[in-house]
Amino acid sequence: MQGEIDGAHHMDARHWAADMRRQNDVWTSGDRILRFPAWRIRARPDEVAATVRCALMATGWTPTPPRRDRAHE
């Protein structure tokens with residue numbers, strides 16, 4: 001899985017076209033790509049993390065439960 005953070009320069013037609021071509025190459029190779037605008041990563045990091053977590057789980061990843069520190073029980 002790959003990630004892409006899109007800043008304002010990605011709105012330029014040449015950057016946008018290059019981004020689409022790169023995304024198509026990733027998809028046709030059998031991989032996945034997640035794309036987020038830079039502002040969302042800054043303003044809503046929990047939402048971005050939840051999306052990444054869902055994507056990982058869709059590929060078969062199983063989260064490991066947090067380790068419990070028995071010294072503090």
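Since this is a predicted model, take the numbers as computed values, not measurements. (Residues numbered from 1 in each chain as written. Predicted model: local features only at pLDDT ≥ 70, side-chain atom pairs only at ≥ 80, totals over all residues. Heavy atoms only, no water.)

Draft legend 1. Looking closely at the overall build of the protein. Looking only at helices and strands, the protein features three helices and two strands. Along the protein, helices (α) and strands (β) appear in the sequence β-α-β-α-α when read from the amino end. Across the 73 residues in the protein, those meeting the buried criterion constitute 14%. Long-range pairs, those at least 24 residues apart, make up 50% of the contacts in the protein between residues at least 6 apart in sequence. (Helix = DSSP H or I, 4+ residues; strand = E, 2+ residues; numbered from the N terminus. Buried < 20%, exposed > 50% of the residue type's maximum accessible area, 1.4 Å probe, protein only. Contact = heavy atoms within 4.5 Å.)

Draft legend 2. Local environment of the confidence of the model for the protein. For the protein, the mean per-residue pLDDT works out to 84, and 79% of the residues sit at or above 70. Looking at the elements of the protein, mean pLDDT is at its lowest for strand 1 (residues 2–6), recorded as 66, and at its highest for helix 3 (residues 45–58), recorded as 94. (pLDDT = per-residue confidence, 0-100.)

Draft legend 3. Quick look at helix 3. When the terminal C-alpha atoms of helix 3 are compared, their 20 Å separation across 14 residues agrees well with the 20 Å that a helix rising 1.5 Å per residue should span. Of the residues flanking the end of helix 3, it is G60, one or two places downstream, whose phi is positive at about 105°. (Expected span 1.5 Å × (residues − 1).)

Draft legend 4. A look at the pattern of salt bridges. Scanning the model with the defined rule gives three salt bridges in all. Among the salt bridges present, the one from D19 reaches R22, with a minimum N-O distance of 2.4 Å. With D19 and R22 both in helix 1 (residues 13–28), this residue pair falls three residues apart, about one helical turn. According to the relative accessible area criterion, D19 is buried, its value standing at 4%. Residues R40 and E47 are paired through a salt bridge, measuring 2.3 Å at the closest nitrogen-oxygen approach. What emerges from the salt-bridge pattern is a single network uniting D19, R22 and R35. (Salt bridge = Lys/Arg side-chain N within 4 Å of Asp/Glu carboxyl O.)

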